[in-house]
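Now for the letters of each chain:
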Amino acid sequence: MSQPVIAVTDLAKQYGEVTALAGISLTVARGAVLAVLGHNGAGKTTLIDILSTRVRPSAGTARVCGYDVVQRGRAVRRRIGVTGQFAAVDDTLSGRGNLVLIARLLGARPRQALARATELIAAFGLEDAADRPAGTYSGGMRRRLDLAAGLVGAPQVLFLDEPTTGLDPVSRAGLWAVVEDLAARGTTVVLTTQYLEEADRLADHVVVLGFGHITVSGTPAQLKARLGSRTATLTFGTELALQRAVHALARLGLAPGRAALVLTVPLSGPADIPVVVRALDAAGAPLRDLTVTEPTLDDVYLSLHRTAS
Ligand SMILES: Nc1ncnc2c1ncn2[C@@H]1O[C@H](COP(=O)(O)OP(=O)(O)OP(=O)(O)O)[C@@H](O)[C@H]1O
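Residues numbered from 1 in each chain as written. Predicted model: local features only at pLDDT ≥ 70, side-chain atom pairs only at ≥ 80, totals over all residues. Heavy atoms only, no water.

## Quick look at the site of the ligand
Near the ligand, the surroundings consist of 13 residues, among which Gly41, Gly43, Lys44, Thr45 and Thr46 are the closest. At a separation of 3.0 Å, an oxygen atom of the ligand approaches a polar side-chain atom of Asn40. Of all the secondary-structure elements, those providing two or more residues to the shell around the ligand are strand 2 (18–28) and helix 1 (44–51). For the shell around the ligand, the element with the most residues is helix 1, which contributes three residues. (Near = heavy atom within 4 Å. Polar contact = N/O pair within 3.5 Å; in protein donor to acceptor, adjacent residues only side chain to side chain. Helix = DSSP H or I, 4+ residues; strand = E, 2+ residues; numbered from the N terminus.)

## What to know about the packing of helix 3 (residues 95–105) against helix 4 (residues 110–123)
Running from N to C, helix 3 and helix 4 point in directions that differ by 130 degrees, and their axes come no closer than 8 Å. One element, helix 3, and the other, helix 4, form an angle in the oblique class. Between helix 3 and helix 4 the crossing geometry is right-handed. Contacts between helix 3 and helix 4 involve Gly95, Arg96, Leu99, Val100, Ala103 and Arg104 from the former and Pro110, Ala113, Leu114, Ala117, Thr118, Leu120 and Ile121 from the latter. The residue makeup of the contact of helix 3 with helix 4, split by class, is nine nonpolar, two polar and two charged. (Axes fitted to C-alpha atoms, helices over the stretch in contact; angles between N-to-C directions. Parallel < 35°, antiparallel > 145°, perpendicular 65-115°, else oblique. Left-handed = near helix turned anticlockwise from the far one by under 90°. Contact = heavy atoms within 4.5 Å. Nonpolar A, V, L, I, M, F, W, Y, C, P; charged D, E, K, R; others polar.)

## A look at the nonpolar core
By size, the foremost hydrophobic cluster in this structure holds 46 residues, and its most contacted members are Leu99, Phe124 and Val206. Two domains each put at least three residues into this core: domain 1 (6–218) and domain 2 (226–308). In this structure, Phe124 is in contact with Arg144, Leu147, Ala148, Leu151, Leu175 and Val178, ignoring residues within four places of it in sequence. Core analysis: the second largest hydrophobic core is formed by 29 residues, Ile6, Ile24, Ala32 and Ala62 among them. (Core = buried A, V, L, I, M, F, W, Y, C linked by side-chain atoms within 4.5 Å. Buried < 20%, exposed > 50% of the residue type's maximum accessible area, 1.4 Å probe, protein only. Domains from an automatic or database assignment.)

## A word on the confidence of the model for the chain
Here the chain shows a mean pLDDT of 87. Residues at 70 or above account for 93%. Averaged pLDDT values for the elements of the chain fall to 68 in helix 11 (residues 297–308) and rise to 98 in strand 5 (residues 67–68). (pLDDT = per-residue confidence, 0-100.)

## Quick notes on the pattern of salt bridges
Opposite charge on two side chains allows them to pair when their charged atoms are near. Throughout the structure, instances matching the rule amount to seven salt bridges. In this structure, the salt-bridge partner of Arg96 is Asp131, at a minimum N-O distance of 2.9 Å. With Arg96 in helix 3 and Asp131 in the loop between helix 4 and helix 5 (139–151), the pair connects residues that are 35 residues apart, well separated along the chain. The partner of Glu180 in a salt bridge is Arg201, and the shortest N-O contact between them spans 2.9 Å. In this pair, Glu180 sits in helix 6 (residues 169–184) while Arg201 sits in helix 7 (residues 196–202), placing the two residues 21 residues apart along the sequence. With relative accessibility at 33%, the residue Glu180 sits in the partly exposed group. A relative accessible area of 42% places Arg201 in the partly exposed class. (Salt bridge = Lys/Arg side-chain N within 4 Å of Asp/Glu carboxyl O.)

## Some words on helix 9 (residues 239–251)
For helix 9, spanning 13 residues, the distance from its first C-alpha to its last is 19 Å, which sits close to the expected 18 Å at 1.5 Å a residue. On its buried face, helix 9 sits against strand 11 (230–236), strand 12 (257–259), strand 13 (262–267) and helix 10 (272–282). Two residues or fewer after helix 9 comes Gly253, characterised by a positive phi angle close to 80 degrees. (Expected span 1.5 Å × (residues − 1).)

Here is the structure:
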């Protein structure tokens, strides 16, 4: 296996009495997308700040692109992009002007700089406003420009701290497409998010932080399989059929939830569906409809919170 692009070992950060990170270890492979989830104050931003060399760890080590973030900060900074928080946008320049300027500062020729700016403007849906001063942009447009600015240099590793907070659904989808495209081309992405849908959609690996510890870690599918359960929604044509079904399910040890002529039953494995259907048939409780819902990461997250509290 090739070297991980990010390797974190026993990383800890203490702010006075506050333990922001309590000694975490993780690795991220090239081109992978890691989503870091967690409650407010869980340590997500601290992790990003250490990996992007803004904050020094109190203990442990972190390497990005093979370079230690403390010893070789400059080498790390040359290879990463950090969007959102400190991308500087000049209000007097147009959106396009800002992006061209950054590209030029990063060493691109005028024509390349303009091409890169135009590509990013299109990716973030800023075409209509591209030639207006950035100072006239709405909050959401400004945020999109900030994100585009962080991507100008085509970094090897991109850190996105809550990248889509405050974006409308169209802009969010635009950002997701950009992240997917970058990862497909080999850029490693670490993002923090409050949106489980975002982690589910983008991430190869999810780490949930709780009070500075890794509470759970795995692929979105593994987390859902481990902590969520599938639910069967059974719809009946008559009250009689439903009553029979309730008794038949009770004999299987299942306690369904009920609303009108609909029962919802948590399932623990694939074999449960045929078992349930056969039991209902045998009880003379014909089904009008059956749907099975997979757990979402939201379910997983809520279940973790319930366990923690
Ligand atoms: N500069 C600082 N000085 C003192 N305490 C800090 C500092 N930065 C972070 N902390 C504390 O460290 C803990 C972790 O904060 P961090 O910002 O990493 O959490 P987070 O998971 O990003 O939270 P949020 O979702 O609210 O952004 C919190 O208790 C926070 O108050």
